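Results of the structural survey
So you can see what is in the structure, the chains are spelled out below.
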Amino acid sequence: MEYYGISEALIFHAVSMENSPQLGNRLTLQESLGTPSLHPVWSLLPAMPRETSPPDVMIQEMEKFNVRVARLFPLQFHFDLDGWCLAEVLQILSDHSIPVIIDYFDSGMPHADRTDWRSVVDVCQRYPDLPVIVTEFRFRTNRRLYQAMDKCPNLHIELSALWLFRAVESICRRFGAERLLFGTRLPIRDPSCALGMVNYAMISEEEKAMVASGNLRKLMGAVHYDWG
Amino acid sequence: MTGVEGKFLRLAKSGLRIENELIMDAHTHLGGYFNLYHIPFGDVKGILEQLDRLGIDKICTFSFAGVNSDFTLGNDLVAQAVKDYPDRIVGYTTLNANYPEEWITELERCREMGLKGIKIICEYQGTTTERTNFSPVYQYANDHQMIMLNHYWGSPNFLDGLAEEYPNACFIIGHYSTQYAEVLRKKKNVYQCTCAALMFGDIEKLLRSVEADKIVYGSDLTDLDGPFGLAPILYAKTSDEDKRKILGLTMQRVLDEYSC
């Protein structure tokens, strides 16, 4: 991070994505403990007795460790975003304005575009106060992406998956710079790809600052753990 | 070999245009339309705006339309762009693997229009290079000392055989790979493009097996974003001399030697 000029990062442990969110979340905490520049992200599953804590307990645990971003891996852990599967989790995230990153990475098909835009739009529209951030391996189907951003003001895109020509400028002009979040997927991908797209984008310095950190700080700052 | 204090790294970190260097992008697409995605700013004006922003002097380009629908239309678009911007654009003829009877006619037509290289991309045309008998095309490239850039050349042995049989033709491996390192070391007329070097440390990994004077920078714009392909070279932990070769000097040497 130092070499690339990245001062802070959201992190999650590989185990959170590939084996067990519960175990991975503990490892994520261990890795970030005592390093203020690393912010832990909690990987969540649909609430299910004997596998997960109830949603309110999940959130209390996040509060206890000051975790301000959640992450879902629907393809890795084979669950749906539909109400029958994830409503309780999404509702409580929305109640506390906790940003949720929906990560369509699929280790079985690491080069495929697997974003389920229909479900993403449905989630954004069912929970209009929930900040939704989408990422995956690569957006090569940006017609769905642009349509979804047009329909969902609470939808944000993380940059490590956005590779297309002048995409940063295009999204900033159409939807506003507040809809993009800088991300690299370090240490799998080379962080210079996303850095180059922001540093050389033909947008204002103010917009670059928003994409680079301002937008994410704002979303994390809006999380409220008040229990009424 | 740190690159930490190098010129290119400093420019990249500040998002500053590259000045007083020869920068050539060896792998770009032109045409503005593609079935897979919408391409904002995808016309020639939009491309030149980005080239000027980055400090790229010249691009080698081929058409989207030639990839999978109408290669004649696509090649005409490229020829027009070359005519309009001869100092900025080097045009390649795209061929369709499924129309062998039109290959040589199209190559002749395009060469007369000023196109200097050949683009092959069988994987988007329902076949592969190894399954397609491109012998007439290879022979044409050999006879006219032309560059051929291929999306995927197949096995290293296959490419090694072509480079041996057609020594006057130039074979550019269109996408980042390290599997051809031995062929690149052995064969003078084979070059590696950096296009889509996106995994952590890809450029450094390539340089551990291949010299910079066999590597050319390619971005895949207007499919991918220009800086997406440029930045991994600017940020790479290697010398500015290596970066200079990859970013332009090697490709200029290839063009001087092979472009008709």
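It should be noted that the structure appears before, not after, this text.
Treat the numbers as computed from the prediction; the structure is a model and nothing was measured. (Residues numbered from 1 in each chain as written. Chains lettered and ligands numbered in written order. Predicted model: local features only at pLDDT ≥ 70, side-chain atom pairs only at ≥ 80, totals over all residues.)

1. Focus: the packing of helix α8 (residues 191-199) of chain A against helix α10 (residues 226-235) of chain B
To keep things clear, this is the line we draw: Helix axes are fitted only over the stretch in contact, all axes being lines through C-alpha atoms; the angle between N-to-C directions runs from 0 to 180 degrees. Secondary structure elements are taken from DSSP: a helix is a run of H or I of four residues or more, a strand is a run of E of two residues or more, and numbering for both begins at the N terminus. Crossings are sorted by hand: turned counterclockwise from the far helix by less than a right angle, the near helix makes the crossing left-handed, and turned clockwise it makes it right-handed. Here, residues touch in the contact sense if the C-beta positions derived from the backbone fall within 7 Å of one another. Asp, Glu, Lys and Arg are counted as charged, while Ala, Val, Leu, Ile, Met, Phe, Trp, Tyr, Cys and Pro are counted as nonpolar; the rest, among them Gly, fall into the polar class.
In contact at an axis separation of 7 Å, α8(A) and α10(B) are set at 115 degrees when each is read in the N-to-C sense. The two elements α8(A) and α10(B) meet at a crossing, and its hand is right-handed. Residues Ser192(A), Cys193(A), Leu195(A), Gly196(A) and Met197(A) of α8(A) form the contact with α10(B), whose own contacting residues are Pro227(B), Phe228(B), Leu230(B), Ala231(B), Pro232(B) and Tyr235(B). Residue classes in the contact of α8(A) with α10(B) are distributed as nine nonpolar, two polar and no charged.

2. Some thoughts on the pairing of strand β3 (residues 89-94) of chain B
Residue and element names in this part refer to chain B. We apply this condition: Any residue with 12 or fewer other C-beta atoms within 10 Å of its own C-beta is exposed, any with 20 or more is buried, and the rest are partly exposed; the C-beta atoms used are placed from the backbone. Only when DSSP finds a minimum of two bridges between them are two strands counted as paired. A clockwise course of the path from the first strand over the helix to the second, judged with the strands pointing away from the viewer, identifies a crossover as right-handed.
Burial within β3 is extensive, with six of its six residues counted as buried. The two faces of β3 match: Ile-89, Gly-91 and Thr-93 on one face and Val-90, Tyr-92 and Thr-94 on the other face are all buried. With three bridges joining them, strand β2 (residues 58-63) and β3 adopt parallel strand pairing. Residue Cys-60 lies in a different strand from β3, and its bridge partner there is Val-90. Here β3 pairs with strand β4 (residues 117-120) via three bridges, running parallel. Looking at the pairing, Tyr-92 lines up with Gly-117 of β4. With helix α5 (residues 103-112) bridging β3 and the parallel β4, this β-α-β connection has right-handed handedness.

3. Some thoughts on the pairing of strand β6 (residues 170-173) of chain B
On any regular strand, side chains alternate: one points to one face of the sheet, the next to the other face. All names here are of chain B. Side chains of β6 alternate between two faces, with Cys-170 and Ile-172 and Phe-171 and Ile-173 buried alike. Pairing geometry for strand β5 (residues 147-150) and β6, over four bridges, is parallel. Counted as the bridge partner of Asn-150 is Ile-173 from β6. With respect to chirality, the unit in which β5 leads through helix α7 (residues 156-165) into the neighbouring parallel β6 is right-handed. In this structure, β6 lies alongside strand β7 (residues 190-193), joined through three bridges in parallel fashion. Bridging across to β7, Ile-173 finds its partner in Gln-192. Between the parallel pair β6 and β7, the chain is carried across by helix α8 (residues 181-186), and the sense of this crossover is right-handed.

In short, geometric facts, not functional conclusions.
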